[in-house]
Amino acid sequence: MPQLAVETFASQLVWLAITFIVLYVIMAKVVIPRVGGILEDREQRIRSDLDKAEELKADTDKAIADYEARLAEARANAGEIVGKMKAEMTAEIDKRQAEIDADLAERQAEAEKQIAAQRDSALASLNDIAQSVTSALVEKLSGTSPSDDRVESAVQTAREGSR
């Protein structure tokens, strides 16, 4: 094996040093700066993406806060509208109830008047019926027809006695 031959150690060490120096210079001047630039670009891109993400997160948080504020405002407005509608409906119901109550009271008063008129009419005709029944009874029992004045006074006396 030639690499183990002692006579070629000096030339191998020289070529090793030359190759090492050439590779070191190439690495130091070309490869490492390019890799460093790539790493810096990548780091800068990551930082800009993170900054952009933070900015978008702040915008999202602001949008969420605005949404929640508007939602709370809408709920408050809805509650207020519901309260107003409920008050209006209650007022309308009360108004209609009052109208119905007034109409019913009017109808009841009219019905009571009709009942009173019918009662008075019935009581008035009751007097006539009582006189005719009394006259018919007396005639049937006694066989003679009583005078109208006598029958009227007897019915009047019987009426006053029953009160």
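Rules of the game
Along every chain, residues carry numbers that run from 1 in the direction the sequence is written. Two thresholds apply to this predicted model, a pLDDT of at least 70 for residue-level local features and 80 or more for giving and counting side-chain atom pairs, whereas whole-chain, interface and lining totals are computed over all residues. The side-chain numbers reported here are obtained from all heavy atoms of the structure, hydrogens and water having been left aside. Secondary structure elements follow DSSP: runs of H or I no shorter than four residues count as helices, runs of E no shorter than two count as strands, and numbering proceeds from the N terminus. For the radius of gyration, the atoms used are the C-alpha atoms, and the globule rule reads 2.2 Å times the number of residues raised to 0.38. Each accessible area is a Shrake-Rupley estimate made with a 1.4 Å probe; only the visible protein chains count as cover when residues are assessed. None of His or the chain ends enter the tally, which takes Lys and Arg as positive and Asp and Glu as negative. Lysine's charge is taken at NZ, arginine's at CZ, aspartate's at CG and glutamate's at CD. The patches described consist of residues with a relative accessible area above 30% and no salt bridge, like charges being joined within 9 Å and nonpolar side chains (Val, Leu, Ile, Met, Phe, Trp, Tyr) within 5 Å. Criterion for a salt bridge: a side-chain nitrogen of Lys or Arg within 4 Å of a carboxyl oxygen of Asp or Glu. Only centres within 6.5 Å qualify two rings of Phe, Tyr or Trp (six-membered ring in Trp) as a pair; their planes then separate them into stacked at under 30 degrees, edge-to-face at over 60, and tilted for everything else. Three exposure classes are used, based on accessible area relative to the maximum for each residue type with a 1.4 Å probe and protein chains only: buried under 20%, partly exposed in between, and exposed over 50%.

**What to know about the overall build of the chain**
Thought 1: For the chain, the helix and strand inventory stands at two helices and zero strands.
Thought 2: For 163 residues, the compact-globule estimate of 2.2 N^0.38 gives 15 Å, and the chain exceeds it by more than 25% at 62 Å.
Thought 3: By principal-axis analysis of the C-alpha atoms, the chain measures approximately 190 × 35 × 20 Å.
Thought 4: Surface summary for the chain: the accessible area is close to 14,500 Å², and the carbon and sulfur share equals 61%.
Thought 5: The average position of the 21 basic charges and that of the 30 acidic charges among the side chains of the chain differ by 5 Å.

**Observations regarding a nonpolar patch on the surface**
Thought 1: On the surface, V14, W15, I18, V22, L23, I26, M27, V30, V31, I32, V35 and L39 cluster together into a nonpolar patch covering about 1,100 Å² of accessible area.
Thought 2: As for its placement among the helices and strands, L39 is situated in helix α1 (residues 9-142).

**Side note on the packing of aromatic side chains**
Thought 1: In total, this model carries one aromatic pair according to the counting rule given.
Thought 2: Ring centres 6.4 Å apart and planes at 20 degrees place the aromatic pair F20 and Y24 in the stacked group. Placement of both F20 and Y24 in helix α1 is noted, with a separation of four residues, approximately one turn of the helix. Note on accessibility: F20 and Y24 belong to one class, exposed.

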